[in-house]
Amino acid sequence: MSTGTPASDLPILLSDVGIVAGGVTILDRVSINISAGAPTVLIGPNGSGKTTFLRAAMGLIPPSLGHISWGGRAVSPPLRRAIVFQRPVMLRRSVAENIGFALVATGVPRAEQGQRIAELLSLVGLAGLEGRPARRLSGGEQQRLALARALARDPVVLFLDEPTASLDPAATKAIEDIVLAVHARGVKVVMATHDLGEAKRIAGDIVLLHHGCVVESGSADEFFAAPKSDDGRRFIAGELLL
C-alpha cells in the first residue's frame, strides 16, 4: 500500500519522544522516521529501550513528551498495525481457532475465514496442524502461529519484539524466512533483535539504541561496514555497552 493513501499508517514519525515510567527515563528524546521499504531492525543491549520503542510506535504507550504520528495523523487507531511480543500468549484453542479469533476481531466475514486461515498457515509453515491445540506447539511453532495471528489483521506495519529469542537455529531460520516473505508482500517490518547476524541478514535500516537514546541510525550496509559512533563500533565488536 502506498504511503500516500489515507488508510496507511506510514510513515511513522517519532519526534523528540521521551517516555518516563516510575521516574525512570526509558526513551530519551528519540526522533526517527519509519518509512515504507526494507525491514528496520532495532539493536542494542538489554535495557536499551527496544521493546518500549516498539510499543510506542505501535501506539500502545503514549509519549511523556514529544509526539508520534502515523501517516501524518497524530491519532490513528492500530487497525493496520500489528505486534508480536517475545513470548506470545496462545489461546486455549486449536491452531485454526487462534487465527479465527483474530479474523473475527478484524471483521473478516465467516464465509472467508476458512480460506484465509489456510493461506496464513501455509505462509508460516503450519499447514496440516489446524486442529492441534496451540499450547502443545513447540516454541518455534507458537512464534509462527503468533505471526499468522498478527498477519490476520492485514497490517501495513508489523512490529516484532525479538521473535527468535531462545529458538534453535532451524526455528530461527523459519522465522527469518517468514519475515522476508512478509516484507516481499509489501508489509513494513520493524523488528528488535539481540542477534547481530540476524540483523545483517534481515535489515535494510538499523537503529542502535543505548540508554533509551538513538545512538546511530541509517543503512544497515553502511552501519556494518563503517559505524559512525564509538558505541556502534564497540557493539559490532562484541564489547559490552555500559
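Residues numbered from 1 in each chain as written. Predicted model: local features only at pLDDT ≥ 70, side-chain atom pairs only at ≥ 80, totals over all residues. Heavy atoms only, no water.

**Student:** Explain the overall build of the protein to me, using residue names and the numbers behind them.
**Tutor:** When helices and strands are counted, the protein shows eight helices and nine strands. Here the C-alpha radius of gyration of the protein, 18 Å, is about what a compact globule of 242 residues would show, namely 18 Å. Based on the C-alpha atoms only, the size of the protein along its principal axes is roughly 55 × 40 × 35 Å. Relative to its 242 residues, the protein shows a buried fraction of 48%. (Helix = DSSP H or I, 4+ residues; strand = E, 2+ residues; numbered from the N terminus. Rg over C-alpha atoms; globule rule 2.2 N^0.38 Å. Buried < 20%, exposed > 50% of the residue type's maximum accessible area, 1.4 Å probe, protein only.)

**Student:** Would you mind going over the packing of helix α2 (residues 95-106) against helix α4 (residues 139-151) in detail, with residue names and values included?
**Tutor:** Running from amino to carboxyl end, α2 crosses α4 at an angle of 30 degrees, the nearest separation of the two axes being 8 Å. Here α2 is positioned roughly parallel relative to α4, judged by the angle of their axes. Of the two possible hands of crossing, α2 and α4 adopt the one that is right-handed. Note on element contacts: α4 touches α2 through Leu145, Ala148 and Arg149, opposite Val95, Asn98, Ile99 and Ala102. The residue makeup of the contact of α2 with α4, split by class, is five nonpolar, one polar and one charged. (Axes fitted to C-alpha atoms, helices over the stretch in contact; angles between N-to-C directions. Parallel < 35°, antiparallel > 145°, perpendicular 65-115°, else oblique. Left-handed = near helix turned anticlockwise from the far one by under 90°. Contact = heavy atoms within 4.5 Å. Nonpolar A, V, L, I, M, F, W, Y, C, P; charged D, E, K, R; others polar.)

**Student:** Give me the lowdown on the nonpolar core, citing residues and values where you can.
**Tutor:** Judged by nonpolar contacts, the single largest core of 48 residues is most densely connected at Ile43, Ile99, Leu145, Leu147, Leu158, Leu160 and Ile206. When residues of this core are assigned to their parent elements, the largest contribution, six residues, is made by α4. Here Ile43 is in contact with Lys50, Thr193, Leu196, Ala199, Ile206, Val207, Leu208, Leu209, Phe223 and Phe235, once residues within four sequence places are set aside. The next biggest cluster of nonpolar side chains, apart from the first, holds 25 residues, and it includes Leu10, Ile34, Leu54 and Phe159. (Core = buried A, V, L, I, M, F, W, Y, C linked by side-chain atoms within 4.5 Å.)

**Student:** I'd like a rundown of the packing of aromatic side chains, residues and numbers included.
**Tutor:** Inspection of the entire model under this criterion finds one aromatic pair. Between Phe223 and Phe224, the ring centres sit 5.2 Å apart and the planes meet at 75 degrees, which makes this aromatic pair edge-to-face. Both residues of the pair, Phe223 and Phe224, belong to the buried class. (Phe/Tyr/Trp six-rings, centres within 6.5 Å; stacked < 30°, edge-to-face > 60°.)

**Student:** Would you mind going over the sheet that holds strand β1 (residues 12-21) in detail, with residue names and values included?
**Tutor:** Strand order in the open sheet made by the three strands is β2-β1-β4, with antiparallel pairing throughout. Looking at strand neighbours, the two that pair on one side only are β2 (24-34) and β4 (65-70), the edges of this open sheet. In this sheet, neighbouring strand axes are inclined to one another by 20 degrees on average, regardless of whether the strands run parallel or antiparallel. Here seven bridges tie β1 to β2, and the two strands are oriented antiparallel to one another. When the sheet's bridge partners are listed, Leu13 is paired in β2 with Asn33. (Pairing = 2+ DSSP bridges.)

**Student:** Break down the confidence of the model for the protein for me, with residues and values.
**Tutor:** Residues of the protein with pLDDT of at least 70 account for 97%, and the chain-wide mean is 93. Every residue in residues 1-6 is under pLDDT 50, and counting partners more than four places away or in other chains gives 10 contacts. (pLDDT = per-residue confidence, 0-100.)

**Student:** Got a sec to walk through the pattern of salt bridges? Specific residues and values, please.
**Tutor:** Enumeration over the complete set of coordinates arrives at 12 salt bridges. With a shortest N-O distance of 2.8 Å, Arg29 and Asp16 are connected by a salt bridge. You can see Arg29 sitting in strand β2 and its partner Asp16 sitting in strand β1, a full 13 residues away along the chain. Asp16 sits in the partly exposed class, given a relative accessible area of 34%. The closest approach of N and O atoms between Arg201 and Glu176, which form a salt bridge, is 2.8 Å. (Salt bridge = Lys/Arg side-chain N within 4 Å of Asp/Glu carboxyl O.)

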